[in-house]
Amino acid sequence: MISYHTKKEDWFLICKDINCYGVGIIQVHPHDVSHFCLHSLFLIFHMQNPPNVAVIGGGSWATALVKILSEKLPMVNWWLRSAENIEYILKYKHNPNYISSIEFHTERLFLSTHFDQAVRDAGIVILAVPSAFLKDALTKVDPSVFSGKLIFSAIKGIVPQENMIVGEFIHT
């Protein structure tokens, strides 16, 4: 059972109760978006001091998540692998390749091509890269960057090179 609290301390109690405390991982698939948005995001949006959130990925799913988060949170960190896409988003306020009808409040976005910069001050990291590209996205990342962070996987499918679901891959 999940209850909704507004204090940062309560967030960690809830996470501890559902076994996702610390560097645990919660698997969230696009078809479970109502559960993800209604429960997890609801908790974040209603906290007095919400933790910083970082979204990893530049596709349509990541774009949609960043839009939802940036409408409710004062700042969202967003990692994209393309500096050109970052420049475009800052100039035109939308993703040039995905869901281009969505307009961002760019003053609420910290965009970076450097993974460690995007997640450094985040308490929550949402992985939203296609599963086929997850291994490449994390290859050069020092695993310690995830220490003490709550990680949500918004990735469907398996990591093809490893034939593992995302949670298994992250924990190896």
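Residues numbered from 1 in each chain as written. Predicted model: local features only at pLDDT ≥ 70, side-chain atom pairs only at ≥ 80, totals over all residues. Heavy atoms only, no water.

A. Seen up close, the environment of K72. In this structure, K72 sits in helix 3 (residues 60-72). The exposure class of K72 is exposed, given its relative accessible area of 55%. Spatially, the C-alpha atoms of K72 and R108 are 9.7 Å apart, while their sequence positions differ by 36 residues. (Helix = DSSP H or I, 4+ residues; strand = E, 2+ residues; numbered from the N terminus. Buried < 20%, exposed > 50% of the residue type's maximum accessible area, 1.4 Å probe, protein only.)

B. A look at the nonpolar core. Ranked by internal contacts, the top residues of the largest apolar core, which has 22 residues, are V55, W78, L109 and I126. Broken down by secondary-structure element, the contributors of at least two residues to this core are strand 2 (53-56), helix 3, strand 3 (76-79), helix 4 (83-92), strand 4 (109-112), strand 5 (124-127) and strand 6 (150-153). Element by element, the count of residues in this core is highest for helix 3, at four residues. Residues I56, I151, V166 and F169 belong to the second largest nonpolar core, which totals 21 residues. (Core = buried A, V, L, I, M, F, W, Y, C linked by side-chain atoms within 4.5 Å.)

C. Quick peek at the packing of aromatic side chains. All chains considered together, the criterion is met by four aromatic pairs. An angle of 55° between the planes, with centres 5.2 Å apart, marks the rings of W78 and F104 as tilted. One end of the pair, W78, is in strand 3; the other, F104, is in the loop between helix 4 and strand 4, and 26 residues separate them in sequence. By relative accessible area, W78 is classed as buried at 0%. Ring centres 4.6 Å apart and planes at 40° place the aromatic pair Y88 and Y92 in the tilted group. With Y88 and Y92 both in helix 4 and four residues apart, this pair spans about one turn of that helix. Here the aromatic cluster, defined as three or more aromatic residues joined through ring pairs, consists of W79, F115 and F146. Over the aromatic face of F133 sits the side chain of R81, whose NZ or CZ is 5.7 Å from the ring centroid. (Phe/Tyr/Trp six-rings, centres within 6.5 Å; stacked < 30°, edge-to-face > 60°. Lys NZ or Arg CZ within 6 Å of the ring centre and 35° of its normal.)

D. Quick look at the pairing of strand 3. What you see with strand 3 is no split at all: V76 and W78 on one side and N77 and W79 on the other are buried throughout. With four bridges connecting them, strand 2 and strand 3 associate as parallel partners. Across the sheet, the residue bridging to V55 is W78, located in strand 3. Handedness of the strand 2-helix 3-strand 3 crossover: right-handed. The pairing of strand 3 with strand 4 spans four bridges and is parallel. Directly across from V76, in strand 4, lies its bridge partner L109. Handedness of the strand 3-helix 4-strand 4 crossover: right-handed. (Pairing = 2+ DSSP bridges. Right-handed = clockwise from strand over helix to strand, strands pointing away.)

E. Seen up close, the pattern of salt bridges. Under the counting rule described, the total for this entry stands at two salt bridges. The salt bridge partner of K67 is E71, with a shortest N-O separation of 2.6 Å. Here the residue K67 and the residue E71 both occupy positions in helix 3, the gap between them amounting to four residues, near one helical turn. Here K135 ties to E162 by a salt bridge, and the two come within 2.4 Å at their closest N and O atoms. Note that K135 is positioned in helix 6 (residues 131-138) and E162 in the loop between strand 7 (158-159) and strand 8 (164-165), a separation of 27 residues in sequence. Under the relative-accessibility criterion, K135 is labelled partly exposed at 30%. Here E162 falls in the partly exposed class, since its relative accessible area comes to 32%. (Salt bridge = Lys/Arg side-chain N within 4 Å of Asp/Glu carboxyl O.)

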